[in-house]
Amino acid sequence: MVQQLEVENLTFQHDQRLNSKTLSNVSFTVQKGEWLAIIGHNGSGKSTLAQLLVGLLVPENGQISADGLIMTEDTKWEIRRKIGLVFQNPENQFIGSTVQDDVAFGLENLNMSYNEMKIRVDEALEMVNMTRFRFHEPTNLSGGQMQRVAIAGALALKPSILLLDEAFVMLDPLSRKDLLETLENLKITEDLTIISITHDVNETAVSDRVLVMESGEVVNSGSPEEIFLAEQAIDPPFAEQLRRDLMAKGRSVPETYMTEREMLGWLCK
Amino acid sequence: MAMQVKFHNVAADYKLGPIRQSFVLQSVNLAISSGTFSAVIGPTGSGKSSLLKVLNGLLVPKQGQAHIGDQVIEKENDKHVYKEVRKRVGMVFQFPESQLFAETVLQDICFGPINFGVPFEEAKKLASDVIEQVGLEQDILTKSPFSLSGGQKRRVAIAGILAMNPDILVLDEPGAGLDPKGKAEIMSLILNWHRKKEMTTLLVTHDMEDVAHYADEVIVMENGSVVMHEEVRDFFSDDQRLEKWSLELPNARRFQLKVEQDTGVKLPNICLTKNELVEALIKVGLA
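Computed from a predicted structure; not experimentally measured.

Rules used in this analysis
Residues numbered from 1 in each chain as written. Chains lettered and ligands numbered in written order. Predicted model: local features only at pLDDT ≥ 70, side-chain atom pairs only at ≥ 80, totals over all residues. Heavy atoms only, no water. Helix = DSSP H or I, 4+ residues; strand = E, 2+ residues; numbered from the N terminus. Polar contact = N/O pair within 3.5 Å; in protein donor to acceptor, adjacent residues only side chain to side chain. Contact = heavy atoms within 4.5 Å. Domains from an automatic or database assignment. Buried area = accessible area lost by both parts, 1.4 Å probe. Salt bridge = Lys/Arg side-chain N within 4 Å of Asp/Glu carboxyl O. Pairing = 2+ DSSP bridges. Axes fitted to C-alpha atoms, helices over the stretch in contact; angles between N-to-C directions. Disulfide = S-S within 2.5 Å. Expected span 1.5 Å × (residues − 1). Buried < 20%, exposed > 50% of the residue type's maximum accessible area, 1.4 Å probe, protein only. Arc of directions from axis to C-beta. Core = buried A, V, L, I, M, F, W, Y, C linked by side-chain atoms within 4.5 Å.

Right, let's talk about the side chain of T193(A) for a bit. Residue and element names in this part refer to chain A. Within the fold, T193 resides in strand β8 (residues 193–197). There is a polar contact of 2.7 Å between the side chain of T193 and the side chain of Q4. Residues in contact with T193, not counting those within four places in the same chain, are Q4, V30, Q31, K32, G33, E34, S160, I161 and L162.

Rendered as structure tokens:
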């Protein structure tokens, strides 16, 4: 397995006056083509971690490497070309005067030829289902549409790693499902590595591995099933919630994690 | 005091000058009774946020009228109508924490009331009252809003609106980006405030769980029009229609349908929450 991203002993502090670190000794690796979900409460350091990963913040300690390249002041530009980042509030990252200009902005920075750029922009807009809005002004779009344009901007760059910081919060359930499917396909066809910072159960459930953060530390990691069972404080998928409630009512449900299918099967007996 | 909201054939867009594109809102007719909690749902770009903006006089109808209590918002308005309306309609935007601006939380919360003529001493009292309502400690009032965490900022921003003591509260996805616990806390504080003050509340959301748990009525928007407006339990009872509008069901109801299909056993009632489903499953002997 190829290690796409390696994070070692990352430590960071926003406010030097405080005693507690924003991140302390965070280490993990992500393999090529893996979907890693990072979960944890507000203020647990998830977004700080995302900003460190693309070199927007400089760690106090520790090291980040992408494709074997160690992040330094000199290499951070090259690393940023590998990582596509989408933030939670898309309004913060618009520059173009039309949707297609905005999606093309990242490509223009790479000095890409017009013809290639056109293909990339078309493809990216199609993937997020925003083609018919290509001549609209981004600021006049709705919250969910803006979020889709921001995702298209990242996808157009064909990054090897896509880093999503709560990038789906403004989407309606159907577009969310659509985009998750698009990403799952890209993961298979393009071997895209996905890191998603999320509070959404469904987004967590489709990942390969989950990292749980608490007060700046990685407190657990494992498959979604393991995590949902181990971390009682995190809202699991509905079937598992139901199992716990039924158990609390003294019903003889199995004591292990149940997917929806398993729960339905058990109810049918 | 609560207030009624009525939309009569409202159409609006964001274009200035003579060049017109299709309307963001088109012929919206809507009557919301005083004291109800309504959820506004629909796909991205269907006009939900625009609907809220009309309520607050931020988006002026190009056609039709919006009645907010005894005030009327229409194309050529006297400017003082907006002031009256904005006094009564409290609006919490998407990511409201981005509008925090003052040096201290206290100043930020007092800004709205003072603007509407409340004396400073009284505004201070209001601030210390609402800060507790949103579940924060008094000592946060002296801090800079920018030193707070995302969840705290969101609460301060909402407190700033509540301090204006609105009759109508409109919220545009107040839970977006919060962790599930933080979101549940914000939603329950809004619900409590809604009940206590007998406000008329409109909530834009994508989360059917919010609709099932908090709302009395559901307003569905599509392509700038209101296509459905119903009591919440009636709304979730017609599965075929929900499918037609490609709307999601709340988890409990969705799971209920699967159970009924797989087991052939029909549950006695329509379950909108997990608790209702647990009770129903036990009642019919499936669990």
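Still more ground to cover, so stick around.
All names here are of chain A. You can read the domains of chain A as domain 1 (3–236) and domain 2 (237–268). Centre-to-centre, using C-alpha coordinates, domain 1 lies 33 Å away from domain 2. Between domain 1 and domain 2 the total buried area reaches about 670 Å² when both faces are included, carbon and sulfur atoms providing 63% of it. Considering only the side of domain 1, the residues that lose the most area to domain 2 are E225, L229 and P236, jointly responsible for 67% of the buried surface there. Summed over the shared surface of domain 1 and domain 2, the result is zero salt bridges. Where domain 1 packs against domain 2, one counts two residue pairs in polar contact (both at pLDDT 80 or more).

Let's shift gears to the sheet that holds strand β3 (residues 35–39) of chain A. All names here are of chain A. If you walk across this open sheet you meet the six strands as β6-β7-β8-β3-β9-β10, and the pairing is mixed. At either margin of the open sheet sits one strand with a lone partner, and together these are β6 (83–86) and β10 (217–222). Mean inter-strand twist for the sheet, computed between neighbouring axes without regard to direction, equals 15 degrees. Note: strand β7 (residues 161–165) against β8, five bridges, orientation parallel. Residue pairing in the sheet places L162 in a bridge with I194 of β8. Lying over the sheet, helix α1 (residues 46–53) contacts β3, β6, β7, β8 and β9 (209–214), oriented at roughly 150 degrees with respect to β7. Taken strand by strand, helix α6 (residues 173–189) contacts β3, β7 and β8, and its axis lies near 135 degrees from that of β3.

Turning next to the state of the cysteines. Tallied over the entire structure, the rule returns zero disulfides over all chains. C268(A) carries a free sulfur, and the closest cysteine sulfur to it, the one in C271(B), is 16 Å from it.

Right, let's talk about helix α4 (residues 120–133) of chain B for a bit. Each α-helix winds once per 3.6 residues, and so residues spaced three or four apart point in a common direction. Residue and element names in this part refer to chain B. The first and last C-alpha atoms of α4 sit 20 Å apart over 14 residues, in line with the 20 Å expected at 1.5 Å per residue. Of all the residues in α4, the buried ones are A123, A127, V130 and I131. Seen along its axis, α4 keeps its buried residues to an arc of 105 degrees; they face one direction. Away from its buried face by more than 90 degrees, α4 exposes E121, K125 and E132. Residues of α4 that are buried make contact with α3 (105–115), α5 (150–162) and α6 (180–197). Downstream of α4 by one or two residues, G135 has phi in the positive range, about 80 degrees.

Turning to the pairing of strand β6 (residues 89–92) of chain B, a few remarks are in order. Within a regular beta strand, the side chains point alternately toward one face of the sheet and then the other, so they alternate between its two faces. All names here are of chain B. Side chains of β6 alternate between two faces, with V89 and M91 and G90 and V92 buried alike. Pairing geometry for β6 and strand β7 (residues 168–172), over four bridges, is parallel. Bridge pairing in β7 links V89 to I168.

What follows covers the nonpolar core. Soluble globular proteins tend to bury their nonpolar side chains together. By size, the foremost hydrophobic cluster in this structure holds 52 residues, and its most contacted members are I109(B), I131(B), F235(B) and F236(B). If we ignore the near neighbours within four places in the chain, the residues touching F235(B) are I41(B), V218(B), V220(B), M228(B), E230(B), R241(B), L242(B) and L247(B). Residues V149(A), A154(A), L164(A) and L192(A) belong to the second largest nonpolar core, which totals 35 residues.

Let us now look at the pattern of salt bridges. Residue and element names in this part refer to chain B. Evaluation of the coordinates by the stated rule reveals 30 salt bridges over all chains. Between K181 and E185 there is a salt bridge, and its shortest N-O distance comes to 3.9 Å. Taken together, the residues span about one helical turn, with K181 and E185 both in helix α6 at a distance of four residues. Across the salt bridge formed by R241 and D238, the nearest N and O atoms sit 4.0 Å from each other.

All names here are of chain A. A positive phi angle, near 60 degrees, is found at N111, a position not held by glycine. Among the structural elements, N111 can be located in the loop between α3 (99–109) and α4 (114–127). We classify N111 as exposed; its relative accessible area is 71%. The backbone phi angle of D191 is positive, close to 60 degrees, even though this residue is not glycine.

As a further point, take the interface of chain B and chain A. At the interface, 33 residues of chain B touch 35 residues of chain A. Between chain B and chain A, the buried area comes to about 3300 Å², and carbon and sulfur atoms account for 63% of it. For the pair chain B and chain A, the number of links is five salt bridges. A salt bridge links K177(A) to E248(B); the shortest N-O distance between them is 3.2 Å. Our count for the chain B to chain A interface comes out at ten residue pairs in polar contact (both at pLDDT 80 or more). Looking at the side of chain B that touches chain A, the elements with two or more residues in it are α10 (251–263) and α11 (274–283) of chain B. Among the elements that line the side of chain B that touches chain A, the one with the most residues is α10(B), at eight residues.

All names here are of chain B. One can read the domain layout of chain B as domain 1 (5–248) and domain 2 (250–287). Here the C-alpha centre of domain 2 lies 33 Å away from the C-alpha centre of domain 1. If you look at the interface, domain 1 gives nine residues, while domain 2 gives eight residues. Both faces combined, the contact of domain 1 with domain 2 buries some 820 Å², and carbon together with sulfur accounts for 59% of it. Seen at the junction of domain 1 and domain 2, the total is two salt bridges. Note that E276 is salt-bridged to R233, the shortest N-O span being 3.2 Å. Taken together, the links from domain 1 to domain 2 amount to five residue pairs in polar contact (both at pLDDT 80 or more).

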